[in-house]
Amino acid sequence: MTIDEFNLFCKALPHTTYVVQWGNSDVWKIGGKVFAIGSIGKDGPPAFTFKTSEQNYYFLEEKPGYRPAPYLASRGMKWIQQYNCESDEDEALEYYLSASYKLVSLGLTKKMQKAFGLNQPQ
């Protein structure tokens, strides 16, 4: 996935906001909380960072092309960074970005979730 494809995907998720932070990283938020970070690595390929469930964290940290997210994981947070992956990983990345969005949205206040129409009982 390119950084442009990453940004288009994140932009399509409801109620997201975009800022450039932390050394020119593309940062995506829901309700003011970060769910995805895209950046261009020192060697050129993009890297994508996202929040995961505990189960996915332990699965992905061992998978080639993935690693615990610098800074975030070292502070005990379950964030993973995908780097140096082939395009056949794009579908998996979209899944993990969507899951990160959902995880972060569940941490919003009930009032904000309701205002956004997220995580509401059917």
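Residues numbered from 1 in each chain as written. Predicted model: local features only at pLDDT ≥ 70, side-chain atom pairs only at ≥ 80, totals over all residues. Heavy atoms only, no water.

Two modes of strand pairing occur in sheets, parallel and antiparallel, and in both the strands are linked by backbone hydrogen bonds. Reading across from one edge, β1-β2-β3-β4-β6-β5 is the order of the six strands in this open sheet, with antiparallel pairing throughout. Two strands in the sheet have a free side with no partner beyond their single neighbour: β1 (16-21) and β5 (66-68). Here the average twist between neighbouring strands, direction ignored, is 25 degrees. Sheet topology note: the strand β4 (residues 46-51)/strand β6 (residues 79-83) ladder contains five bridges and is antiparallel. Following the sheet pairing, Phe50 is matched in β6 by Ile80. (Pairing = 2+ DSSP bridges. Helix = DSSP H or I, 4+ residues; strand = E, 2+ residues; numbered from the N terminus. Axes fitted to C-alpha atoms, helices over the stretch in contact; angles between N-to-C directions.)

Let's shift gears to the packing of aromatic side chains. Under the defined criterion, the tally for this structure stands at seven aromatic pairs. With a centroid separation of 5.4 Å and 80 degrees between ring planes, the pair formed by Phe35 and Tyr101 is classed as edge-to-face. Separated by 66 residues along the polypeptide, Phe35 in strand β3 (residues 33-40) and Tyr101 in helix α3 (residues 90-106) bring together distant segments of the chain. A single burial state applies to Phe35 and to Tyr101, both of which are buried. Here Tyr95 and Tyr96 contribute two aromatic rings whose centre-to-centre distance is 5.1 Å and whose plane-to-plane angle is 75 degrees, an arrangement assigned as edge-to-face. According to the relative accessible area criterion, Tyr96 is buried, its value standing at 9%. Pairwise contacts between aromatic rings join Phe50, Tyr66, Tyr95 and Tyr96 into one cluster. Just above the ring of Tyr83 sits the side chain of Arg67; from NZ or CZ to the centre is 3.9 Å. Directly above the aromatic system of Tyr57 lies the positively charged group of Lys78, at a separation of 5.0 Å from the ring centroid. (Phe/Tyr/Trp six-rings, centres within 6.5 Å; stacked < 30°, edge-to-face > 60°. Buried < 20%, exposed > 50% of the residue type's maximum accessible area, 1.4 Å probe, protein only. Lys NZ or Arg CZ within 6 Å of the ring centre and 35° of its normal.)

So, about the environment of Leu60. By secondary structure assignment, the location of Leu60 is in helix α2 (residues 54-60). Assessed through its relative accessible area of 0%, Leu60 is described here as buried. Leu60 has contacts with Phe50, Thr52, Tyr66, Ile80 and Tyr96, leaving out every residue within four places of it along the chain. (Contact = heavy atoms within 4.5 Å.)

Now for helix α1 (residues 3-12). Of the positions making up α1, those classed as buried are Ile3, Phe6, Asn7, Phe9 and Cys10. For α1, the angular spread of buried residues about the axis comes to 165 degrees, placing them on one side. Facing away from the buried surface of α1 by more than 90 degrees, the exposed residues are Asp4, Leu8, Lys11 and Ala12. Packing partners of the buried residues in α1 comprise β1, β2 (25-30), β3, β4 and α3. (Arc of directions from axis to C-beta.)

All right, on to the pairing of β3 then. Summarising burial for β3: six of the eight residues are buried, a large majority. Sheet topology places β2 next to β3; five bridges connect them, and they run antiparallel. When the sheet's bridge partners are listed, Val27 is paired in β3 with Ile37. Linking β2 to β3, which pair antiparallel, is a turn of two residues; within it Gly31 sits at a positive phi near 60 degrees. Taken together, the five bridges between β3 and β4 define a ladder with antiparallel strand orientation. What sits directly across from Gly38, in β4, is Phe48.

Keep in mind these numbers describe shape, not what the thing actually does.
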